[in-house]
Structure formats: C-alpha cells, structure tokens
Amino acid sequence: MTPSPEFSLLHLPAQQRFTLSTTPESVLDYELQPGRVVFTHTVVPGHYQGQGLAARLVEAGLAWARDQQLKVVPACSYVQVYIERHPEWQGLLA
C-alpha cells in the first residue's frame, strides 16, 4: 500500500472552515455561536476516503475549540461518531 501524501491543513476563520489541500478540497465547516461552535459538515472527496483525512480535520477543529474554550455541538454525524469513539474529546460537548 502506498502511503497517502501530506496535505496542508488550513483554518479559514472568515469562512468558518478547516480545509485540507486535496483536489477538490476536504472541509470541516462550522458555525460560531456565543460560547460554542457547531460543526455542521465534513466532506472528503471519495478517492481520498479511508486515509484518515476527515479525522485529521475533526481533530484540528476540536483542538481549536478547546484552545478557544468553546463548547462543541456535533451537528455533523461524522463529528458526532468521532467524539463517541474518542472519549478524550467528550468533555467539550455542549
């Protein structure tokens, strides 16, 4: 199996989005609300799925939320399942 290439991770606060430089982009969208962040949508193009890219996006988003002292609302089903499977992030839940 060939290792997956490295993709640049960017946080675009003005767009309320985390991205990875896949083509097309992989994204984690959010809505910032007072004291909390609602993660609304995660997309990884089909041919990049199964490489841990969605997890990388969610981890970046959760780490940012923790650093900003925001509570997390996982409106996106992927984010919900990720937090269920990684109890170290459950303390962030709103």
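Presented here is a report on the structure given in the accompanying data block. Since this is a predicted model, take the numbers as computed values, not measurements.

Once that is clear, we can look at the packing of aromatic side chains. The final tally for this structure, using the stated rule, is six aromatic pairs. Ring centres of Phe 7 and Tyr 48 lie 5.3 Å apart, and the angle between their planes is 85°; this geometry places the pair in the edge-to-face category. Of this pair, Phe 7 sits in the segment before strand 1 (9-12) while Tyr 48 sits in the loop between strand 4 (36-43) and helix 1 (53-67), placing them 41 residues apart in sequence. With respect to burial, Phe 7 and Tyr 48 carry one shared label: buried.

To continue, consider the sheet that holds strand 5 (residues 71-74). With mixed pairing, the five strands of this open sheet are ordered in space as 1-2-3-4-5. Looking along the sheet, the strands with just one partner apiece sit at the ends: strand 1 and strand 5. Looking at each pair of strands side by side, their axes are set apart by 25° on average, direction ignored. Here seven bridges tie strand 3 (residues 26-33) to strand 4, and the two strands are oriented antiparallel to one another. Bridging across to strand 4, Leu 28 finds its partner in Thr 42.

So, on to unusual backbone geometry. Of all residues except glycine, most have a negative phi; of all peptide bonds, most are trans. For the bond running from Thr 23 to Pro 24, omega is -10°, close enough to zero to count as cis. Despite not being glycine, Gln 69 has its phi angle at roughly 55°, a positive value. Position of Gln 69 among the secondary structure elements: in the loop between helix 1 and strand 5. On the basis of relative accessibility, which here comes to 72%, the residue Gln 69 falls in the exposed class.

The next point concerns helix 1. Helix length check: helix 1 (15 residues) gives 21 Å between terminal C-alpha atoms against 21 Å at 1.5 Å per residue, within 8%. By the criterion of burial, helix 1 is predominantly enclosed, with eleven of the 15 residues buried. Residues of helix 1 that are buried include every one of Leu 53, Ala 54, Ala 55, Leu 57, Val 58, Ala 60, Gly 61, Leu 62, Ala 63, Trp 64 and Ala 65, and no others. Residue Gln 69 follows helix 1 closely and has a positive phi angle near 55°.

Pairing of strand 1 with strand 2 (residues 17-20), which is carried by four bridges, proceeds in the antiparallel orientation. When the sheet's bridge partners are listed, Leu 9 is paired in strand 2 with Leu 20. The hairpin turn running from strand 1 into strand 2, its antiparallel successor, is four residues long, and Gln 16 in that turn takes a positive phi close to 50°.

All right, on to the pattern of salt bridges then. As enumerated under the stated definition, the model contains three salt bridges in all. Across the pair Glu 6 and Arg 56 runs a salt bridge whose closest N-O atoms are separated by 3.5 Å. Of this pair, Glu 6 sits in the segment before strand 1 while Arg 56 sits in helix 1, placing them 50 residues apart in sequence. Judged by relative accessible area, which is 70%, Glu 6 ranks as exposed. The partner of Asp 29 in a salt bridge is Arg 17, and the shortest N-O contact between them spans 2.6 Å. With Asp 29 in strand 3 and Arg 17 in strand 2, this residue pair connects regions lying twelve residues apart in the sequence.

Here is what the cut-offs are and how they apply
- Residues numbered from 1 in each chain as written.
- Predicted model: local features only at pLDDT ≥ 70, side-chain atom pairs only at ≥ 80, totals over all residues.
- Heavy atoms only, no water.
- Phe/Tyr/Trp six-rings, centres within 6.5 Å; stacked < 30°, edge-to-face > 60°.
- Helix = DSSP H or I, 4+ residues; strand = E, 2+ residues; numbered from the N terminus.
- Buried < 20%, exposed > 50% of the residue type's maximum accessible area, 1.4 Å probe, protein only.
- Pairing = 2+ DSSP bridges.
- Axes fitted to C-alpha atoms, helices over the stretch in contact; angles between N-to-C directions.
- Expected span 1.5 Å × (residues − 1).
- Salt bridge = Lys/Arg side-chain N within 4 Å of Asp/Glu carboxyl O.

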